[in-house]
Amino acid sequence: MQVLVFNAGSSSLKFGIFSVTTETHEVFKGSYERFRAGGCECRFRHGETDERGAVEFDSPSEALKVVPAALKRFGLDAIDAVGHRIVHGGARFTSPTLLDDETVEAIEALTPLAPLHNPANLEAVRLCRGLWPDISQVAVFDTAFHLDNPAFANTYAVPARWRDAGLRRYGFHGTSHKYVAERAAQEIGRPFSDLQLVSIHLGNGASICAVNRGHSMDSSMGMTPLEGLVMGTRSGDVDPGAFGFLSRELQLSVQEIEDALYYESGLKGLAGSSDMRDIEDRAAKGDPEAQLAIEIYAYRAKKYVGAYAAAMGGLSIASIRSSSASESPSFRRSWTAGSASHANGTNPFLIPVCRGSFHRTQRIDELQPGKVLLVVRNHNTVVCTCDRSDDHVESAARAASGLAVRH
Ligand SMILES: Nc1ncnc2c1ncn2[C@@H]1O[C@H](COP(=O)(O)OP(=O)(O)O)[C@@H](O)[C@H]1O
Ligand SMILES: CC(=O)OP(=O)(O)O
Ligand SMILES: [Mg+2]
């Protein structure tokens, strides 16, 4: 079965064709990213072909329209099912779901809780439903993995009437965290259900998940993908007291504050660009603003790792799925800063929060681009071989093939 999969993210459009039999095998991988006014970068990989180029689209939505032609050019337009990564599935979507008018409408209703994502995800759904009305379209949800988080982790300490209205924590990047955690367990040959794992996902959106003995226990994102880590354009954690301050001092409306937290904050707010590659270039030339932005970004992530290790009562593995971790020397310096072992280049951030010592830790500067690093306590360290862009899409391909067969 040939499955087309879309991950229409906040800063990129990724898609792939999977051949799904007993094994799931990616036969084509396409992406449009680094959108700027007037253009973006594209890449298509198929067999021996690895084509890179610059094209004129200035948004993922523009790029989406040419995907069918790109697939046709590679002779890949015979499709049996389509899988879509959908970011917010609310409390309703607990598992992969066939898309029809009613489910699409329900996902659309969740747009206020994921304004950067659900509209982009649904554009891909609409395009595919228009092109292939008779083919099963399946959604997999970032939120589903976290839906059984314990109440002490997913409840905000706010008035009951707010909670009754639906104010609660969800968590995102669930397909990625689950995929990486399962692969981590496989790599070290231990049951998933035995491990206390912290999964660190650093992309344009970024989150950390405590995966406790096979289940998501907590994650740094909340009701929306705005809480938690510093991201490309999103602030992550900010004192809620900021709303009153900004309203009184700068006379900003709720909408203005929310827009700034989603679109103008994070790395962009700190250093003028949302892309770690730009900031790394400037940091390497000694730009203090860029250096501080990277320090803040790394520091916030490290804080969550420590918190989750403490919350789970231990830590077997930390995994990092991140281009910045693999390719930004300033990030790696900040990540290992503040530790006595810094001098020998190990990645010691876990030591203060773990009992015992590390048998051996992976040098973070050995992390290969596109790979996931696992830091394993009392085991030989393993670099897991999953590609950083496979996590959401592979989950979607499996789900789509399963549901399409049953449909
Ligand atoms: N070579 C690189 N070096 C440093 N950072 C990178 C590199 N490639 C990508 N990044 C960072 O990762 C982000 C893209 O993450 P990704 O997860 O692919 O996007 P999305 O969150 O839109 O799916 C970029 O915005 C950039 O900050
Ligand atoms: C949920 C989220 O932040 O997704 P992305 O990383 O694709 O922006
Ligand atoms: Mg992403």
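The residue numbers shown here count from 1 along each chain, following its written sequence. Here chains are named by letter from A upward and ligands by number from 1 upward, in the order in which they appear as written. The predicted nature of this model means local features are confined to residues of pLDDT at least 70 and side-chain atom pairs, given and counted, to a pLDDT of 80 or more, with totals for whole chains, interfaces and linings taken over all residues. Here the side-chain values reflect all heavy atoms present in the structure, with hydrogen atoms and water set aside.

## A closer look at the overall build of the protein
Phase 1: The helix and strand inventory of the protein stands at 15 helices and 14 strands.
Phase 2: Accessible area for the protein stands at about 17700 Å²; split by element, carbon and sulfur atoms hold 51% of it. The numbering of helices and of strands both runs from the N terminus, where a helix is a DSSP run of H or I of at least 4 residues and a strand a run of E of at least 2. Using a 1.4 Å probe, the Shrake-Rupley method yields the accessible areas, and only the shown protein chains count as cover for residues.

## Looking at the site of ligand 2
Phase 1: Summary of the distance rule: residues count as near a molecule or strand when at least one heavy atom falls within 4 Å of that molecule or strand. Contacts to ligand 2 come from Gly9, Ser10, Arg85, Val87, His117, Asp142, Phe172, His173, Gly205, Met221, Pro225 and Arg234.
Phase 2: The side chain of Arg234 places a nitrogen or oxygen atom 2.9 Å from an oxygen atom of ligand 2.
Phase 3: Taken by itself ligand 2 offers 260 Å² of open surface, and the protein chains cover 94% of this.
Phase 4: Following the grouping adopted for this structure description, the nonpolar residues are Ala, Val, Leu, Ile, Met, Phe, Trp, Tyr, Cys and Pro, the charged ones are Asp, Glu, Lys and Arg, and the polar ones are all others, Gly among them. Classifying every residue of the shell around ligand 2 by side-chain character gives four nonpolar, five polar and three charged.
Phase 5: Residue ranges assigned to each domain were obtained from an automatic or database domain assignment. Each of domain 1 (2-141) and domain 2 (190-384) gives at least three residues to the shell around ligand 2. Think of a polar contact as two N or O atoms within 3.5 Å of one another; within protein, one of them needs to be a possible hydrogen donor and the other a possible acceptor, and neighboring residues in sequence only count if both atoms come from side chains.

## Thoughts on the packing of helix H3 (residues 101-108) against helix H4 (residues 118-131)
Phase 1: Helix axes are fitted to C-alpha atoms over the stretch in contact, other axes to C-alpha atoms as well, and angles between N-to-C directions run from 0 to 180 degrees. Between H3 and H4, the shortest axis-to-axis distance is 10 Å and the interhelical angle comes to 160 degrees. The orientation of H3 relative to H4 falls into the category roughly antiparallel. The chirality of how H3 crosses H4 is left-handed. Taking contact as the criterion, the partners of Asp101, Val104, Ile107 and Glu108 in H3 are, on H4, Asn118, Leu122, Val125, Arg126 and Arg129.
Phase 2: Here the contact of H3 with H4 is composed, by residue class, of four nonpolar, one polar and four charged. Roughly parallel means an angle under 35 degrees; roughly antiparallel means over 145; roughly perpendicular covers 65 to 115; every other angle is labelled oblique. Definitions for this section: a left-handed crossing has its near helix turned counterclockwise from the far helix by less than a right angle. A right-handed crossing has that turn clockwise. Contact between two residues is taken to exist if any of their heavy atoms lie within 4.5 Å; hydrogens are not considered.

## Section: the confidence of the model for the protein
Phase 1: Residue-level pLDDT values for the protein average 86, and 86% of them are 70 or greater.
Phase 2: Along the chain, pLDDT gives the predictor's confidence residue by residue, from 0 to 100. Throughout residues 340-362 the model reports pLDDT below 50, and contacts reaching past four residues in sequence, or to other chains, amount to 52 contacts.

## Topic: the sheet that holds strand S5 (residues 49-55)
Phase 1: In this analysis, strands are considered paired if DSSP registers two or more bridges between them. Strands sit in the order S5-S4-S3-S2-S1-S6-S8-S7 across an open sheet of eight strands; the sheet is mixed. Edge strands, defined here as strands with exactly one partner in the open sheet, are S5 and strand S7 (97-98).
Phase 2: Sheet topology note: the strand S3 (residues 24-36)/strand S4 (residues 39-46) ladder contains seven bridges and is antiparallel. Within S4, the residue paired with Phe28 across the bridge is His46.
Phase 3: Strands in contact with H4 are strand S1 (2-8), strand S6 (81-86) and strand S8 (136-141); relative to S6, the strand with the most contacts, it is inclined by about 170 degrees.

## Some points on the site of ligand 1
Phase 1: As a matter of local geometry, ligand 1 sits amid 16 residues, with Ser11, Lys14, Asn204, Met276 and Glu327 nearest to it.
Phase 2: Its free accessible area being 570 Å², ligand 1 has 92% of it covered by the protein chains.
Phase 3: For the shell around ligand 1, the elements supplying multiple residues, two or more each, are helix H11 (276-284) and helix H13 (323-327).
Phase 4: Looking at which element gives the most residues to the shell around ligand 1, the answer is H13, with three residues.
Phase 5: Within the shell around ligand 1, the residues separate by chemical class into one nonpolar, nine polar and six charged.
Phase 6: Split by domain, the residues of the shell around ligand 1 number at least three in each of domain 1 (2-141) and domain 2 (190-384).

## A few points about unusual backbone geometry
Trans is the prevailing form of peptide bonds, just as negative phi is the prevailing case for residues other than glycine.
Phase 1: Despite not being glycine, His173 shows a phi value in the positive range, around 55 degrees.
Phase 2: As for its placement among the helices and strands, His173 is situated in the loop between helix H6 (160-164) and helix H7 (174-188).
Phase 3: Residue class for His173 comes out buried when judged on its relative accessible area of 6%.
Phase 4: Positive phi is not limited to glycine here, since Gln251 has a value of about 50 degrees. Each residue is assigned to one of three classes by its accessible area relative to the maximum for its type, calculated with a 1.4 Å probe on protein chains only: buried under 20%, partly exposed between the two thresholds, exposed over 50%.

## Describing the UniProt feature "binding site: Mg(2+)" (unreviewed entry) in the protein
Phase 1: UniProt positions are given in the numbering used here, feature names are shortened, and annotations may be inferred rather than shown by experiment. Residues annotated by UniProt as "binding site: Mg(2+)" (unreviewed entry) correspond here to Asn7.
Phase 2: With respect to the helices, strands and loops of the structure, Asn7 is situated in strand S1.
Phase 3: In contact with Asn7, not counting residues within four places along its chain, are Ser12, Leu13, Lys14, Arg85, His392 and Val393.

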